[in-house]
Amino acid sequence: MITGTRHRLTLEINRQTRLAQEIARKQAEIATTKRILAPSDDPIGAARVGEIARAEANEQTWIRNINTASALAARSDTVLKSVGLSLERANELMIAASTGTLSDANRATIAGELRAIAEEMAAFRETRDPRGEPLFRTNGALEIPVSTGVRIAAVADRASIFDVPVDLVAAISAAATTITDPDPAARKAGSQAALANIALGVSQIANARADQGVRANRLDALREGLENSAVQLEEQRGAIEGTDIPEAIARLESRRISLEAAQAIFARLNKSSLFDLIR
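This text gives an overview of the structure that appears in the document. Treat the numbers as computed from the prediction; the structure is a model and nothing was measured.

Rules behind the numbers
Residue indices begin from 1 for each chain and proceed along its sequence in written order. In keeping with the predicted nature of the model, local features appear solely for residues at pLDDT of at least 70, side-chain atom pairs appear and are counted solely at 80 or more, and the whole-chain, interface and lining totals rest on all residues. Note that the side-chain values use all heavy atoms of the structure and ignore hydrogens as well as water. By definition, any uninterrupted DSSP run of H or I lasting at least four residues is a helix, any uninterrupted run of E lasting at least two residues is a strand, and each is numbered from the N terminus. The atom set for the radius of gyration is the C-alpha atoms, and the globule formula is 2.2 Å times the number of residues raised to the power 0.38. Per-residue accessibility, obtained with a 1.4 Å probe over protein chains only, is compared with the maximum for each type, and a residue is labelled buried under 20%, exposed over 50%, and partly exposed between these values. What sets the accessible areas is the Shrake-Rupley method with a 1.4 Å probe; for residues, cover comes only from the shown protein chains. Under the convention used here, Asp and Glu are negative, Lys and Arg are positive, and both His and the chain ends fall outside the count. Positions of charges follow a simple convention, taking NZ of Lys, CZ of Arg, CG of Asp or CD of Glu. Note on aromatic contacts: the rings of Phe and Tyr and the six-membered ring of Trp form a pair at centre separations within 6.5 Å, being stacked when their planes are under 30 degrees apart, edge-to-face when over 60 apart, and tilted otherwise. Each salt bridge in this description consists of a side-chain nitrogen of Lys or Arg and a carboxyl oxygen of Asp or Glu lying within 4 Å of one another. The nonpolar core is taken to be a set of buried Ala, Val, Leu, Ile, Met, Phe, Trp, Tyr and Cys residues, with the residues joined through side-chain atoms within 4.5 Å. Throughout, a residue-residue contact means that at least one pair of heavy atoms, one from each residue, lies within 4.5 Å. Whenever a nitrogen or oxygen atom comes within 3.5 Å of another N or O atom, the pair is scored as a polar contact, on the condition that within protein one atom can donate a hydrogen and the other can accept it, and that pairs from neighbouring residues in sequence are kept only if both atoms are in side chains.

**Topic: the overall build of the protein chain**
Phase 1: In terms of helices and strands, the protein chain carries eight helices and two strands.
Phase 2: Taken against the 2.2 N^0.38 rule, which gives 19 Å for 279 residues, the C-alpha radius of gyration of the protein chain at 38 Å runs more than 25% over that of a compact globule.
Phase 3: Here the protein chain holds 279 residues, and 33% of them are scored as buried.
Phase 4: On the protein chain, roughly 15900 Å² of surface is accessible, and the fraction owed to carbon and sulfur atoms is 56%.
Phase 5: The positive charge centre, built from 35 side chains, and the negative charge centre, built from 36, are 9 Å apart in the protein chain.

What follows is the structure, given as structure tokens:
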């Protein structure tokens, strides 16, 4: 009799233990919002979640790279805008100096301003990025990985912006020199050539800014694509490992009620015989 009773007690204790474990499990699922707490819970689902996690990590790296590239592109556009304004000013000065009505002193003043613009242009050419590296590189544009097998140069190389087809610094320096030439004929011919070079430089920078805009737009499109992909991956991950909160709460309450009822019945049925069983 005692042996049978003890057997029933053991079975009941085990049943209540399982209910308590199920309750703890549901509480963990609700707290973490994940139904897969270990690979053994769902090996196939866990493997797929691992793949998604790796994809998400890669895409986060690419987004950081894109943000870095976008910052470089924005800085380049700001510099190119300033370069364009300086070239337009140089063009205005050359037009004024080419009229043939200015005095030597006035031409000397204009030449001084042109030399300052040339120095400014040289400084623009040496602009550094936030890391202290050259923004406009001399050994080819910096290519940044932004996706599997995809690399983008956020900024064009220095030569394509400042040197080809016109060396902007040299062109403006030459303009400053030619307008102070004492020979009127040489000054006129040199001024016309300088004007043509500066006008070509204006177009050169306008094209560079347009190219920079294309690069920036491409980076924005890639970022948007990765952000959309991140949402889709998170949805897939949630569908695989996510907890159905309402369902989990319902199961938790069901098992809690069952456990409380079992404990109450267990205590009531055994309160008069526990002393005898112990003895």
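**With respect to the packing of aromatic side chains**
Aromatic ring pairs are reported here in terms of the distance separating the ring centres and the angle at which the planes meet.
Phase 1: Here the structure, examined in full by the defined rule, presents one aromatic pair.
Phase 2: The interplanar angle of 75 degrees and the centroid separation of 5.2 Å between the aromatic rings of F136 and F162 together place this pair among those described as edge-to-face. In this pair, F136 is assigned in the loop between helix 3 (104-125) and strand 1 (143-147) and F162 in helix 4 (residues 158-163), connecting sequence segments 26 residues apart. Neither residue differs from the other here; F136 and F162 are each classed as buried.

**A closer look at the pattern of salt bridges**
Phase 1: Per the counting criterion, the structure on display carries 14 salt bridges.
Phase 2: Residue R237 pairs with E56 through a salt bridge whose shortest N-O separation is 2.9 Å. In this pair, R237 sits in helix 6 (residues 184-241) while E56 sits in helix 2 (residues 43-97), placing the two residues 181 residues apart along the sequence. The residues R237 and E56 share a single accessibility class, namely buried.
Phase 3: One salt bridge in this structure joins R125 and D163, with 3.8 Å as the shortest N-O distance. With R125 in helix 3 and D163 in helix 4, this residue pair connects regions lying 38 residues apart in the sequence.
Phase 4: Several salt bridges converge on common partners, so that one network encompasses E56, R237 and E241.

**Observations regarding the nonpolar core**
Across soluble globular proteins, you tend to see nonpolar side chains buried next to one another.
Phase 1: Counting 45 residues, the largest nonpolar core has V83, L114, M121, I161, F162, L168 and I172 as its most contacted members.
Phase 2: Of all the secondary-structure elements, those providing two or more residues to this core are helix 2, helix 3, strand 1, helix 4, helix 5 (168-178) and helix 6.
Phase 3: Broken down by element, this core gets its largest block of residues, 14 residues, from helix 2.
Phase 4: When near neighbours in sequence (up to four residues on either side) are disregarded, I172 contacts L87, A90, L114, I117, A118 and M121.
Phase 5: In terms of nonpolar packing, the next biggest core, distinct from the first, is built from six residues, I36, A46, I52 and L233 among them.

**Some points on the side chain of Q204**
Phase 1: Secondary-structure assignment places Q204 in helix 6.
Phase 2: The class of Q204 is buried, set by a relative accessible area of 6%.
Phase 3: A polar contact is formed between the side chain of Q204 and the backbone oxygen of I161, at a distance of 2.7 Å.
Phase 4: Setting aside chain neighbours within four positions, we find Q204 in contact with I161, F162, D163, V164, P165, V166 and L168.

In short, geometric facts, not functional conclusions.
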